[in-house]
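Working through the structure, step by step
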Amino acid sequence: MKESLFGKTLNDLTTLAVELGLPKFTGKQMAEWLYQKDISSIEEMTNLSKKARELLAGKFEFGLIDSTKVQESIDGTKKYLFPTNKGKFIETAMIPDDDRKTVCVSSQVGCKMGCLFCMTGKQGFQGQLTAGEIVNQIRNIPEWHEVTNIVYMGMGEPFDNLEEVLKSLEILTSEWGFAMSPRRITVSTIGIVPGMLTFLEKSEAHLAVSMHTPFDDERQKLMPVQVAYPLAEVIHEIKSWDFGRQRRVSFEYIVFKGLNDSPRHVQELCKILNGIKCRINLIRFHPIPGTPLVGTDENTLQKFKEKLNDKGILTTIRASRGQDIYAACGLLSTKELGG
Amino acid sequence: MPKAEEYKNPNLELIEVIITGNQEISPGVHLISWKRTHDFHPGQVVKITADPKIAPRIYSICSGNDEPEIRVLFNVKEDGLLTPKLAGMIPGMKIRTTKPYGSFKDGKEPAWWIATGTGIAPFYSMFRSGISENKTLIHGVRQLNQFYFEDELEWSLGDRYIRCCSQEQSCNVFPGRVTHYLNQINDLPTTINYYLCGKALMVVEVRDLLISRGVPYQNILAEIYF
(Lines give C-alpha, C1' and ligand atoms only; values in the text may rest on other atoms or scores of the structure.)
Protein backbone atom coordinates (compact mmCIF):
# COMPACT_ATOMS: atom_id res chain seq x y z
CA MET A 1 0.00 0.00 0.00
CA LYS A 2 1.38 3.39 -1.01
CA GLU A 3 1.80 6.19 1.49
CA SER A 4 -0.93 8.82 1.50
CA LEU A 5 -0.26 12.45 0.61
CA PHE A 6 -3.52 13.54 2.18
CA GLY A 7 -2.89 14.39 5.82
CA LYS A 8 0.61 15.73 5.30
CA THR A 9 1.44 19.27 6.40
CA LEU A 10 3.10 21.86 4.17
CA ASN A 11 6.38 21.08 5.88
CA ASP A 12 5.99 17.34 5.21
CA LEU A 13 5.06 17.98 1.58
CA THR A 14 7.96 20.35 1.01
CA THR A 15 10.39 17.88 2.53
CA LEU A 16 9.17 15.03 0.36
CA ALA A 17 9.26 17.24 -2.76
CA VAL A 18 12.89 18.09 -2.10
CA GLU A 19 13.69 14.43 -1.40
CA LEU A 20 12.24 13.53 -4.80
CA GLY A 21 14.37 16.19 -6.46
CA LEU A 22 11.38 18.43 -7.19
CA PRO A 23 11.35 22.21 -6.69
CA LYS A 24 10.65 23.29 -3.11
CA PHE A 25 7.50 25.16 -4.15
CA THR A 26 5.94 21.88 -5.29
CA GLY A 27 5.09 21.33 -1.62
CA LYS A 28 2.78 24.36 -1.57
CA GLN A 29 1.25 23.40 -4.89
CA MET A 30 0.45 19.93 -3.56
CA ALA A 31 -1.05 21.36 -0.37
CA GLU A 32 -3.42 23.53 -2.39
CA TRP A 33 -4.51 20.58 -4.52
CA LEU A 34 -4.97 18.36 -1.48
CA TYR A 35 -6.90 20.73 0.75
CA GLN A 36 -8.50 23.41 -1.40
CA LYS A 37 -9.60 21.83 -4.66
CA ASP A 38 -12.06 19.19 -5.75
CA ILE A 39 -9.71 16.57 -7.07
CA SER A 40 -8.96 13.07 -5.84
CA SER A 41 -5.86 11.92 -7.75
CA ILE A 42 -2.26 12.99 -8.20
CA GLU A 43 -2.84 12.94 -11.99
CA GLU A 44 -5.23 15.87 -11.59
CA MET A 45 -2.56 18.13 -10.04
CA THR A 46 -2.17 19.82 -13.38
CA ASN A 47 0.21 22.61 -12.44
CA LEU A 48 2.81 20.00 -11.55
CA SER A 49 4.98 18.73 -14.39
CA LYS A 50 4.10 15.33 -15.85
CA LYS A 51 7.42 14.02 -14.55
CA ALA A 52 6.68 15.31 -11.07
CA ARG A 53 3.25 13.66 -11.08
CA GLU A 54 4.76 10.37 -12.26
CA LEU A 55 7.41 10.53 -9.56
CA LEU A 56 4.80 11.22 -6.89
CA ALA A 57 2.38 8.58 -8.17
CA GLY A 58 5.17 6.01 -8.06
CA LYS A 59 5.52 6.41 -4.32
CA PHE A 60 2.30 7.96 -3.05
CA GLU A 61 -1.43 7.92 -3.43
CA PHE A 62 -3.70 10.94 -3.06
CA GLY A 63 -5.23 9.30 0.00
CA LEU A 64 -8.89 10.23 0.23
CA ILE A 65 -11.03 7.51 1.80
CA ASP A 66 -14.65 7.30 0.67
CA SER A 67 -17.44 6.73 3.15
CA THR A 68 -19.12 3.36 2.80
CA LYS A 69 -22.46 4.21 4.36
CA VAL A 70 -24.56 7.33 4.99
CA GLN A 71 -27.61 7.55 7.18
CA GLU A 72 -29.87 10.59 7.35
CA SER A 73 -31.95 11.60 10.33
CA ILE A 74 -35.41 13.09 10.17
CA ASP A 75 -33.82 16.32 11.44
CA GLY A 76 -31.35 16.43 8.54
CA THR A 77 -28.32 15.20 10.50
CA LYS A 78 -26.21 12.76 8.51
CA LYS A 79 -23.96 10.05 9.84
CA TYR A 80 -21.09 8.87 7.65
CA LEU A 81 -19.25 5.60 8.09
CA PHE A 82 -15.61 5.69 7.02
CA PRO A 83 -13.22 2.75 6.84
CA THR A 84 -9.73 3.39 8.22
CA ASN A 85 -6.42 2.35 6.73
CA LYS A 86 -6.14 -0.43 9.30
CA GLY A 87 -9.44 -2.09 8.36
CA LYS A 88 -11.55 -0.57 11.14
CA PHE A 89 -14.47 1.85 10.95
CA ILE A 90 -15.27 5.26 12.35
CA GLU A 91 -18.35 7.45 12.33
CA THR A 92 -18.72 11.15 11.56
CA ALA A 93 -21.80 13.31 12.06
CA MET A 94 -22.77 16.31 9.91
CA ILE A 95 -25.29 18.51 11.68
CA PRO A 96 -27.08 21.21 9.67
CA ASP A 97 -28.61 24.06 11.60
CA ASP A 98 -29.99 27.15 9.83
CA ASP A 99 -26.98 28.68 8.10
CA ARG A 100 -24.45 26.44 9.87
CA LYS A 101 -23.13 23.03 9.03
CA THR A 102 -21.15 21.46 11.86
CA VAL A 103 -19.07 18.33 11.39
CA CYS A 104 -18.41 16.18 14.45
CA VAL A 105 -15.21 14.25 13.78
CA SER A 106 -13.70 11.17 15.42
CA SER A 107 -10.10 11.17 16.56
CA GLN A 108 -9.69 7.47 17.47
CA VAL A 109 -11.23 4.11 16.60
CA GLY A 110 -13.10 3.38 19.81
CA CYS A 111 -11.90 4.94 23.03
CA LYS A 112 -9.81 4.00 26.08
CA MET A 113 -11.62 6.20 28.55
CA GLY A 114 -14.53 3.93 29.46
CA CYS A 115 -17.06 6.59 30.49
CA LEU A 116 -20.19 4.93 31.86
CA PHE A 117 -22.58 6.94 29.69
CA CYS A 118 -20.84 6.58 26.32
CA MET A 119 -21.47 4.01 23.61
CA THR A 120 -18.05 4.48 22.02
CA GLY A 121 -16.37 3.40 25.24
CA LYS A 122 -18.14 0.07 25.09
CA GLN A 123 -16.11 -0.99 22.09
CA GLY A 124 -12.80 -0.41 23.84
CA PHE A 125 -9.88 1.01 21.89
CA GLN A 126 -8.97 -0.22 18.42
CA GLY A 127 -6.47 2.33 17.23
CA GLN A 128 -5.40 5.88 16.53
CA LEU A 129 -6.49 7.86 13.51
CA THR A 130 -3.92 9.67 11.41
CA ALA A 131 -4.26 13.38 10.69
CA GLY A 132 -5.32 12.39 7.18
CA GLU A 133 -8.07 10.13 8.48
CA ILE A 134 -9.31 12.93 10.73
CA VAL A 135 -9.32 15.61 8.02
CA ASN A 136 -10.77 13.15 5.50
CA GLN A 137 -13.97 13.16 7.58
CA ILE A 138 -14.46 16.79 6.53
CA ARG A 139 -12.92 16.83 3.05
CA ASN A 140 -14.65 13.71 1.86
CA ILE A 141 -18.29 14.43 2.60
CA PRO A 142 -20.46 16.05 -0.09
CA GLU A 143 -21.02 19.13 2.11
CA TRP A 144 -17.33 19.93 2.59
CA HIS A 145 -17.46 23.33 0.93
CA GLU A 146 -20.36 24.35 3.20
CA VAL A 147 -18.86 23.26 6.53
CA THR A 148 -18.88 26.20 8.94
CA ASN A 149 -17.87 24.54 12.21
CA ILE A 150 -15.91 21.51 13.32
CA VAL A 151 -16.11 19.80 16.68
CA TYR A 152 -13.78 17.04 17.84
CA MET A 153 -16.53 15.29 19.75
CA GLY A 154 -16.94 12.06 17.81
CA MET A 155 -15.33 8.75 18.70
CA GLY A 156 -12.23 8.85 20.90
CA GLU A 157 -10.39 11.22 23.19
CA PRO A 158 -8.51 13.79 21.07
CA PHE A 159 -5.73 14.38 23.61
CA ASP A 160 -4.97 10.68 23.70
CA ASN A 161 -3.98 11.09 20.04
CA LEU A 162 -2.46 14.51 20.45
CA GLU A 163 0.17 14.58 17.71
CA GLU A 164 -2.24 13.62 14.92
CA VAL A 165 -4.97 15.90 16.28
CA LEU A 166 -2.59 18.87 16.33
CA LYS A 167 -1.47 18.03 12.82
CA SER A 168 -5.09 17.89 11.64
CA LEU A 169 -5.73 21.28 13.27
CA GLU A 170 -2.72 22.71 11.44
CA ILE A 171 -4.11 21.46 8.13
CA LEU A 172 -7.57 22.84 8.88
CA THR A 173 -6.43 26.29 9.99
CA SER A 174 -3.40 27.07 7.79
CA GLU A 175 -3.62 29.33 4.77
CA TRP A 176 -2.16 26.54 2.63
CA GLY A 177 -4.75 24.14 4.06
CA PHE A 178 -8.46 24.62 4.63
CA ALA A 179 -7.81 28.16 5.94
CA MET A 180 -10.56 27.86 8.53
CA SER A 181 -10.63 30.14 11.51
CA PRO A 182 -9.62 28.25 14.68
CA ARG A 183 -12.57 30.04 16.29
CA ARG A 184 -14.83 27.73 14.33
CA ILE A 185 -13.23 24.63 15.75
CA THR A 186 -13.79 23.12 19.20
CA VAL A 187 -11.78 20.25 20.63
CA SER A 188 -13.42 18.34 23.44
CA THR A 189 -11.53 16.45 26.12
CA ILE A 190 -12.36 14.56 29.27
CA GLY A 191 -9.39 16.29 30.85
CA ILE A 192 -6.08 14.71 29.94
CA VAL A 193 -4.02 17.49 31.43
CA PRO A 194 -0.66 17.21 29.62
CA GLY A 195 -2.37 16.94 26.24
CA MET A 196 -4.71 19.79 27.09
CA LEU A 197 -1.81 22.09 27.99
CA THR A 198 0.06 21.29 24.78
CA PHE A 199 -3.13 21.91 22.79
CA LEU A 200 -3.69 25.26 24.51
CA GLU A 201 -0.14 26.26 23.67
CA LYS A 202 -0.02 25.07 20.08
CA SER A 203 -3.54 25.70 18.82
CA GLU A 204 -5.99 28.59 18.87
CA ALA A 205 -9.10 26.41 18.68
CA HIS A 206 -11.74 26.45 21.41
CA LEU A 207 -11.61 23.98 24.29
CA ALA A 208 -14.51 21.97 25.69
CA VAL A 209 -14.13 19.86 28.83
CA SER A 210 -16.46 16.98 29.68
CA MET A 211 -17.30 17.58 33.30
CA HIS A 212 -20.70 15.99 34.06
CA THR A 213 -20.47 16.59 37.81
CA PRO A 214 -18.40 18.92 39.97
CA PHE A 215 -18.01 16.29 42.70
CA ASP A 216 -14.99 14.02 42.53
CA ASP A 217 -16.54 10.90 44.00
CA GLU A 218 -19.47 11.09 41.58
CA ARG A 219 -17.22 11.84 38.64
CA GLN A 220 -14.92 8.91 39.24
CA LYS A 221 -17.86 6.51 39.11
CA LEU A 222 -18.90 7.99 35.75
CA MET A 223 -15.48 8.66 34.28
CA PRO A 224 -12.48 6.53 35.27
CA VAL A 225 -10.11 9.26 34.05
CA GLN A 226 -10.94 11.18 37.23
CA VAL A 227 -8.65 8.81 39.13
CA ALA A 228 -5.62 9.88 37.10
CA TYR A 229 -6.55 13.46 36.20
CA PRO A 230 -8.81 14.93 38.89
CA LEU A 231 -11.18 17.67 37.79
CA ALA A 232 -9.51 20.04 40.22
CA GLU A 233 -6.23 19.69 38.32
CA VAL A 234 -7.99 20.35 35.01
CA ILE A 235 -9.71 23.44 36.40
CA HIS A 236 -6.56 24.69 38.07
CA GLU A 237 -4.74 24.57 34.74
CA ILE A 238 -7.60 26.28 32.91
CA LYS A 239 -7.67 29.03 35.53
CA SER A 240 -3.96 29.60 35.02
CA TRP A 241 -4.33 29.91 31.24
CA ASP A 242 -4.96 33.21 29.50
CA PHE A 243 -7.69 32.47 26.95
CA GLY A 244 -7.71 36.00 25.61
CA ARG A 245 -10.86 37.65 24.36
CA GLN A 246 -11.79 35.41 21.48
CA ARG A 247 -10.92 31.93 22.62
CA ARG A 248 -13.62 30.03 24.44
CA VAL A 249 -13.64 27.35 27.09
CA SER A 250 -16.82 25.45 27.76
CA PHE A 251 -17.85 22.61 30.02
CA GLU A 252 -20.01 19.75 28.80
CA TYR A 253 -22.55 18.49 31.28
CA ILE A 254 -24.87 15.55 30.57
CA VAL A 255 -27.74 15.90 33.00
CA PHE A 256 -28.74 12.66 34.73
CA LYS A 257 -31.89 12.28 36.77
CA GLY A 258 -31.23 12.40 40.49
CA LEU A 259 -27.50 12.24 40.02
CA ASN A 260 -26.14 15.62 39.00
CA ASP A 261 -29.21 17.87 38.63
CA SER A 262 -29.66 19.22 42.16
CA PRO A 263 -29.25 22.73 43.64
CA ARG A 264 -26.18 21.35 45.41
CA HIS A 265 -24.61 20.75 42.00
CA VAL A 266 -25.47 24.28 40.87
CA GLN A 267 -23.82 25.66 43.97
CA GLU A 268 -20.69 23.59 43.52
CA LEU A 269 -20.42 24.40 39.82
CA CYS A 270 -20.49 28.08 40.68
CA LYS A 271 -17.80 27.57 43.27
CA ILE A 272 -15.33 25.63 41.15
CA LEU A 273 -15.86 27.69 37.99
CA ASN A 274 -15.52 30.98 39.81
CA GLY A 275 -12.94 33.06 37.97
CA ILE A 276 -13.24 31.27 34.64
CA LYS A 277 -14.98 33.03 31.78
CA CYS A 278 -16.78 30.01 30.42
CA ARG A 279 -20.01 28.49 29.25
CA ILE A 280 -21.76 25.32 30.37
CA ASN A 281 -23.42 23.19 27.70
CA LEU A 282 -26.13 21.04 29.21
CA ILE A 283 -26.68 17.88 27.22
CA ARG A 284 -29.67 15.56 27.29
CA PHE A 285 -28.66 11.99 28.03
CA HIS A 286 -29.18 9.59 25.14
CA PRO A 287 -29.64 6.19 26.76
CA ILE A 288 -27.36 3.35 25.73
CA PRO A 289 -28.02 -0.38 26.20
CA GLY A 290 -27.55 -1.69 29.72
CA THR A 291 -26.97 1.70 31.28
CA PRO A 292 -28.14 2.30 34.85
CA LEU A 293 -28.34 6.05 34.13
CA VAL A 294 -31.46 8.00 33.23
CA GLY A 295 -31.66 11.45 31.71
CA THR A 296 -33.24 14.20 33.75
CA ASP A 297 -36.73 15.42 32.88
CA GLU A 298 -37.27 18.52 30.74
CA ASN A 299 -38.60 20.61 33.62
CA THR A 300 -35.57 19.93 35.83
CA LEU A 301 -33.25 20.54 32.89
CA GLN A 302 -34.75 23.96 32.25
CA LYS A 303 -34.63 24.87 35.96
CA PHE A 304 -31.02 23.72 36.21
CA LYS A 305 -30.13 25.94 33.27
CA GLU A 306 -31.99 28.93 34.71
CA LYS A 307 -30.33 28.59 38.10
CA LEU A 308 -26.87 28.51 36.54
CA ASN A 309 -27.67 31.51 34.36
CA ASP A 310 -29.06 33.34 37.40
CA LYS A 311 -25.76 32.71 39.15
CA GLY A 312 -23.93 34.31 36.24
CA ILE A 313 -22.70 31.23 34.39
CA LEU A 314 -23.71 31.36 30.75
CA THR A 315 -25.54 28.06 30.29
CA THR A 316 -27.19 26.63 27.21
CA ILE A 317 -28.95 23.36 26.43
CA ARG A 318 -27.55 21.57 23.43
CA ALA A 319 -30.18 20.45 20.97
CA SER A 320 -30.24 16.69 20.51
CA ARG A 321 -29.65 15.94 16.86
CA GLY A 322 -29.62 12.72 14.91
CA GLN A 323 -30.90 10.55 17.73
CA ASP A 324 -32.93 8.32 15.39
CA ILE A 325 -29.75 7.31 13.50
CA TYR A 326 -27.60 7.00 16.65
CA ALA A 327 -25.59 10.07 15.70
CA ALA A 328 -26.36 12.05 18.85
CA CYS A 329 -23.87 12.77 21.62
CA GLY A 330 -22.42 9.58 23.12
CA LEU A 331 -24.04 7.19 20.65
CA LEU A 332 -21.34 6.74 18.01
CA SER A 333 -20.04 3.19 17.85
CA THR A 334 -18.64 0.78 15.28
CA LYS A 335 -18.34 -2.19 17.63
CA GLU A 336 -20.56 -4.41 15.53
CA LEU A 337 -18.39 -3.74 12.49
CA GLY A 338 -15.31 -5.02 14.29
CA GLY A 339 -14.14 -1.62 15.39
CA MET B 1 -18.36 14.38 50.34
CA PRO B 2 -15.05 15.53 48.89
CA LYS B 3 -15.32 18.49 46.56
CA ALA B 4 -13.23 19.24 43.54
CA GLU B 5 -12.03 22.54 44.91
CA GLU B 6 -10.89 20.93 48.15
CA TYR B 7 -8.15 19.22 46.23
CA LYS B 8 -5.20 21.49 46.30
CA ASN B 9 -3.34 21.64 43.04
CA PRO B 10 -1.32 18.44 43.23
CA ASN B 11 1.69 20.47 42.10
CA LEU B 12 2.96 17.46 40.29
CA GLU B 13 6.47 18.64 39.72
CA LEU B 14 8.94 16.00 38.69
CA ILE B 15 11.69 15.27 41.15
CA GLU B 16 14.82 13.24 40.56
CA VAL B 17 15.14 9.90 42.32
CA ILE B 18 17.84 7.25 42.18
CA ILE B 19 16.87 3.79 41.02
CA THR B 20 17.57 1.09 43.58
CA GLY B 21 16.42 -1.88 41.54
CA ASN B 22 15.12 -2.85 38.11
CA GLN B 23 14.13 -6.46 37.71
CA GLU B 24 12.52 -8.21 34.76
CA ILE B 25 10.01 -10.33 36.66
CA SER B 26 8.45 -11.85 33.54
CA PRO B 27 9.38 -11.52 29.86
CA GLY B 28 8.92 -7.85 28.96
CA VAL B 29 7.62 -6.87 32.40
CA HIS B 30 9.81 -4.93 34.83
CA LEU B 31 9.59 -3.93 38.46
CA ILE B 32 11.56 -0.72 39.00
CA SER B 33 12.17 0.74 42.45
CA TRP B 34 13.51 3.82 44.25
CA LYS B 35 13.68 5.06 47.81
CA ARG B 36 10.31 6.21 49.14
CA THR B 37 10.30 9.95 49.79
CA HIS B 38 6.59 10.51 50.39
CA ASP B 39 3.74 8.75 52.13
CA PHE B 40 1.02 7.41 49.90
CA HIS B 41 -2.27 5.54 49.93
CA PRO B 42 -2.15 2.14 48.28
CA GLY B 43 -3.84 2.47 44.90
CA GLN B 44 -2.24 5.81 44.14
CA VAL B 45 -0.13 6.53 41.09
CA VAL B 46 3.02 8.40 40.14
CA LYS B 47 4.11 9.99 36.91
CA ILE B 48 7.51 8.84 35.70
CA THR B 49 9.94 9.71 32.99
CA ALA B 50 13.48 8.64 32.22
CA ASP B 51 14.31 11.76 30.25
CA PRO B 52 13.04 15.35 30.51
CA LYS B 53 12.35 15.25 26.77
CA ILE B 54 9.95 12.34 27.13
CA ALA B 55 6.47 13.08 28.47
CA PRO B 56 5.94 11.37 31.81
CA ARG B 57 3.48 8.50 32.00
CA ILE B 58 1.28 7.43 34.88
CA TYR B 59 1.94 4.17 36.73
CA SER B 60 0.27 2.62 39.76
CA ILE B 61 2.49 2.09 42.76
CA CYS B 62 3.12 -1.59 43.30
CA SER B 63 4.56 -1.65 46.83
CA GLY B 64 3.27 -1.41 50.38
CA ASN B 65 2.88 1.99 51.99
CA ASP B 66 5.20 1.17 54.87
CA GLU B 67 7.98 -0.26 52.73
CA PRO B 68 11.19 1.73 52.33
CA GLU B 69 10.95 1.72 48.55
CA ILE B 70 8.38 2.64 45.95
CA ARG B 71 8.04 0.07 43.20
CA VAL B 72 6.31 0.33 39.86
CA LEU B 73 5.37 -2.44 37.45
CA PHE B 74 5.58 -1.74 33.73
CA ASN B 75 5.27 -3.50 30.40
CA VAL B 76 8.00 -2.75 27.90
CA LYS B 77 6.39 -1.46 24.72
CA GLU B 78 8.86 -2.00 21.94
CA ASP B 79 7.65 0.96 19.90
CA GLY B 80 7.30 3.19 22.98
CA LEU B 81 9.58 6.07 23.90
CA LEU B 82 9.68 5.63 27.64
CA THR B 83 9.48 1.98 28.62
CA PRO B 84 12.43 0.70 26.53
CA LYS B 85 14.53 3.39 28.20
CA LEU B 86 13.25 2.54 31.65
CA ALA B 87 13.89 -1.14 31.03
CA GLY B 88 17.55 -0.43 30.27
CA MET B 89 18.22 1.56 33.44
CA ILE B 90 20.30 0.13 36.25
CA PRO B 91 20.55 0.93 39.99
CA GLY B 92 22.31 4.25 40.56
CA MET B 93 20.79 5.88 37.50
CA LYS B 94 18.22 8.63 37.91
CA ILE B 95 14.61 8.90 36.81
CA ARG B 96 12.13 11.69 37.41
CA THR B 97 8.89 11.10 39.25
CA THR B 98 6.05 13.01 40.88
CA LYS B 99 4.68 12.66 44.37
CA PRO B 100 2.07 9.90 44.64
CA TYR B 101 -1.48 11.04 43.92
CA GLY B 102 -4.86 9.71 42.83
CA SER B 103 -8.08 8.51 44.35
CA PHE B 104 -8.22 4.79 43.57
CA LYS B 105 -8.40 3.78 47.21
CA ASP B 106 -10.02 0.90 49.04
CA GLY B 107 -11.06 0.75 52.67
CA LYS B 108 -12.11 -1.87 55.16
CA GLU B 109 -15.37 -2.88 53.48
CA PRO B 110 -15.58 -6.19 51.63
CA ALA B 111 -14.55 -5.84 48.01
CA TRP B 112 -13.58 -7.73 44.91
CA TRP B 113 -10.45 -6.58 43.15
CA ILE B 114 -10.46 -7.41 39.44
CA ALA B 115 -7.35 -6.85 37.34
CA THR B 116 -5.81 -7.86 34.06
CA GLY B 117 -2.08 -7.90 33.30
CA THR B 118 -0.08 -5.22 35.05
CA GLY B 119 -3.39 -3.89 36.41
CA ILE B 120 -2.57 -6.07 39.41
CA ALA B 121 -0.22 -3.31 40.64
CA PRO B 122 -2.61 -1.22 42.78
CA PHE B 123 -4.12 -4.32 44.34
CA TYR B 124 -0.69 -5.74 45.17
CA SER B 125 0.09 -2.39 46.79
CA MET B 126 -3.11 -2.66 48.84
CA PHE B 127 -2.25 -6.25 49.75
CA ARG B 128 1.29 -5.28 50.80
CA SER B 129 -0.19 -2.44 52.86
CA GLY B 130 -2.30 -4.86 54.86
CA ILE B 131 -5.62 -4.19 53.13
CA SER B 132 -6.58 -7.69 52.09
CA GLU B 133 -9.05 -8.91 54.68
CA ASN B 134 -12.52 -9.31 53.12
CA LYS B 135 -11.00 -8.92 49.66
CA THR B 136 -11.14 -11.32 46.74
CA LEU B 137 -8.57 -10.81 44.00
CA ILE B 138 -9.32 -11.95 40.44
CA HIS B 139 -6.39 -11.67 38.06
CA GLY B 140 -6.71 -12.28 34.34
CA VAL B 141 -3.74 -12.84 32.03
CA ARG B 142 -2.96 -14.41 28.68
CA GLN B 143 -0.03 -16.57 29.74
CA LEU B 144 0.75 -18.36 32.98
CA ASN B 145 4.03 -16.50 33.52
CA GLN B 146 2.05 -13.25 33.81
CA PHE B 147 0.66 -14.09 37.25
CA TYR B 148 3.06 -11.68 38.94
CA PHE B 149 3.56 -12.25 42.70
CA GLU B 150 1.43 -15.39 42.52
CA ASP B 151 3.29 -17.41 45.17
CA GLU B 152 2.89 -14.70 47.77
CA LEU B 153 -0.73 -13.98 46.85
CA GLU B 154 -1.70 -17.66 46.79
CA TRP B 155 -0.06 -18.25 50.14
CA SER B 156 -1.81 -15.33 51.81
CA LEU B 157 -5.17 -15.11 50.08
CA GLY B 158 -5.78 -18.82 49.42
CA ASP B 159 -9.21 -19.31 47.84
CA ARG B 160 -9.68 -15.56 47.62
CA TYR B 161 -7.01 -15.40 44.90
CA ILE B 162 -8.48 -16.42 41.57
CA ARG B 163 -6.36 -16.74 38.48
CA CYS B 164 -7.84 -16.67 34.99
CA CYS B 165 -5.68 -17.47 31.98
CA SER B 166 -7.04 -17.13 28.44
CA GLN B 167 -4.30 -18.81 26.38
CA GLU B 168 -2.68 -21.47 28.60
CA GLN B 169 -3.99 -23.95 31.13
CA SER B 170 -2.83 -25.14 34.53
CA CYS B 171 -4.38 -26.67 37.61
CA ASN B 172 -6.05 -24.16 39.93
CA VAL B 173 -6.27 -21.67 37.10
CA PHE B 174 -9.60 -20.83 35.46
CA PRO B 175 -9.30 -21.45 31.71
CA GLY B 176 -10.64 -18.25 30.15
CA ARG B 177 -10.97 -14.56 30.54
CA VAL B 178 -12.05 -12.73 33.67
CA THR B 179 -15.45 -12.00 32.11
CA HIS B 180 -15.99 -15.73 31.49
CA TYR B 181 -15.13 -16.46 35.11
CA LEU B 182 -17.58 -13.85 36.38
CA ASN B 183 -20.29 -15.03 33.98
CA GLN B 184 -20.27 -18.54 35.39
CA ILE B 185 -20.77 -17.38 38.98
CA ASN B 186 -24.45 -17.64 39.80
CA ASP B 187 -24.61 -15.38 42.81
CA LEU B 188 -22.34 -12.41 42.41
CA PRO B 189 -22.44 -10.34 45.60
CA THR B 190 -24.29 -7.12 44.89
CA THR B 191 -23.69 -5.17 48.07
CA ILE B 192 -19.90 -5.14 48.12
CA ASN B 193 -17.54 -2.81 46.27
CA TYR B 194 -15.77 -3.76 43.05
CA TYR B 195 -12.44 -2.29 42.01
CA LEU B 196 -11.34 -2.77 38.41
CA CYS B 197 -7.94 -2.06 36.92
CA GLY B 198 -6.63 -2.79 33.45
CA LYS B 199 -7.31 -2.00 29.82
CA ALA B 200 -10.43 -0.17 28.71
CA LEU B 201 -12.26 -3.07 27.12
CA MET B 202 -11.90 -5.32 30.16
CA VAL B 203 -13.08 -2.54 32.44
CA VAL B 204 -16.17 -1.69 30.39
CA GLU B 205 -17.07 -5.34 29.82
CA VAL B 206 -16.72 -6.25 33.49
CA ARG B 207 -18.54 -3.10 34.58
CA ASP B 208 -21.45 -3.85 32.20
CA LEU B 209 -21.56 -7.44 33.40
CA LEU B 210 -21.64 -6.42 37.06
CA ILE B 211 -24.37 -3.83 36.43
CA SER B 212 -26.42 -6.38 34.49
CA ARG B 213 -26.16 -8.72 37.47
CA GLY B 214 -27.53 -6.13 39.88
CA VAL B 215 -24.42 -4.40 41.19
CA PRO B 216 -25.11 -0.65 41.57
CA TYR B 217 -22.72 1.36 39.40
CA GLN B 218 -21.90 3.43 42.49
CA ASN B 219 -20.21 0.31 43.93
CA ILE B 220 -17.80 0.04 41.00
CA LEU B 221 -14.58 2.04 40.85
CA ALA B 222 -12.34 1.67 37.83
CA GLU B 223 -8.85 2.64 36.83
CA ILE B 224 -8.07 2.35 33.14
CA TYR B 225 -4.60 2.12 31.69
CA PHE B 226 -4.16 4.48 28.79
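All values derive from a computational prediction rather than experimental measurement.

Before going further, it helps to spend a moment on the overall build of chain B. Check the secondary structure of chain B and you find 5 helices and 12 strands. Taking 2.2 N^0.38 as the reference for a compact globule, 226 residues should give roughly 17 Å; the C-alpha atoms of chain B span a radius of gyration of 18 Å, in line with that estimate. Dimensions of chain B, computed from C-alpha atoms along their principal axes, come out at roughly 50 × 45 × 30 Å. The buried share of chain B, reckoned over its 226 residues, is 52%.

Time to look at the interface of chain A and chain B. Counting residues at the interface gives 39 residues for chain A, matched by 29 residues for chain B. Both sides together, the interface formed by chain A and chain B hides about 3,000 Å², and carbon and sulfur atoms give 63% of it. Here chain A is connected to chain B by 2 salt bridges. Residue E233(A) is joined to K47(B) by a salt bridge in which the shortest nitrogen-to-oxygen separation is 3.8 Å. Counting the contacts that link chain A with chain B gives 5 residue pairs in polar contact (both at pLDDT 80 or more). Those elements that provide at least two residues to the side of chain A that touches chain B are helix 7 (216–222), helix 8 (225–228), helix 9 (231–240) and helix 10 (263–273) of chain A. Broken down by element, the side of chain A that touches chain B gets its largest block of residues, 6 residues, from helix 7 of chain A.

Each strand in a sheet pairs with another by means of backbone hydrogen bonds, the pair being arranged parallel or else antiparallel. Residue and element names in this part refer to chain B. Reading across the sheet, the 6 strands line up as 4-3-6-1-2-5 and stay open at both edges, with antiparallel pairing between neighbours. If you trace the sheet from one side to the other, it starts and ends with strand 4 (57–60) and strand 5 (69–75), each paired once. Within this sheet the neighbouring strands show an average axis-to-axis angle of 45 degrees, counted without direction. As paired strands, strand 2 (residues 29–35) and strand 5 are joined by 7 bridges and run antiparallel to one another.

Here we take up the domain arrangement of chain A. All names here are of chain A. As far as domains go, chain A holds domain 1 (3–61) and domain 2 (69–337). In this structure, domain 1 and domain 2 have C-alpha centres spaced 34 Å apart. Taken together, the 15 residues of domain 1 in the interface contact 14 residues of domain 2. Buried surface at the junction of domain 1 and domain 2, both sides included, amounts to about 1,200 Å², of which 59% is carbon and sulfur. Remark: the boundary between domain 1 and domain 2 carries 1 salt bridge. Of the charged contacts, one joins K167 and D12 as a salt bridge, the two residues approaching to 3.3 Å between their closest N and O atoms. Here domain 1 is connected to domain 2 by 8 residue pairs in polar contact (both at pLDDT 80 or more).

Parameters and conventions
- Residues numbered from 1 in each chain as written.
- Chains lettered and ligands numbered in written order.
- Predicted model: local features only at pLDDT ≥ 70, side-chain atom pairs only at ≥ 80, totals over all residues.
- Heavy atoms only, no water.
- Helix = DSSP H or I, 4+ residues; strand = E, 2+ residues; numbered from the N terminus.
- Rg over C-alpha atoms; globule rule 2.2 N^0.38 Å.
- Buried < 20%, exposed > 50% of the residue type's maximum accessible area, 1.4 Å probe, protein only.
- Contact = heavy atoms within 4.5 Å.
- Buried area = accessible area lost by both parts, 1.4 Å probe.
- Salt bridge = Lys/Arg side-chain N within 4 Å of Asp/Glu carboxyl O.
- Polar contact = N/O pair within 3.5 Å; in protein donor to acceptor, adjacent residues only side chain to side chain.
- Pairing = 2+ DSSP bridges.
- Axes fitted to C-alpha atoms, helices over the stretch in contact; angles between N-to-C directions.
- Domains from an automatic or database assignment.

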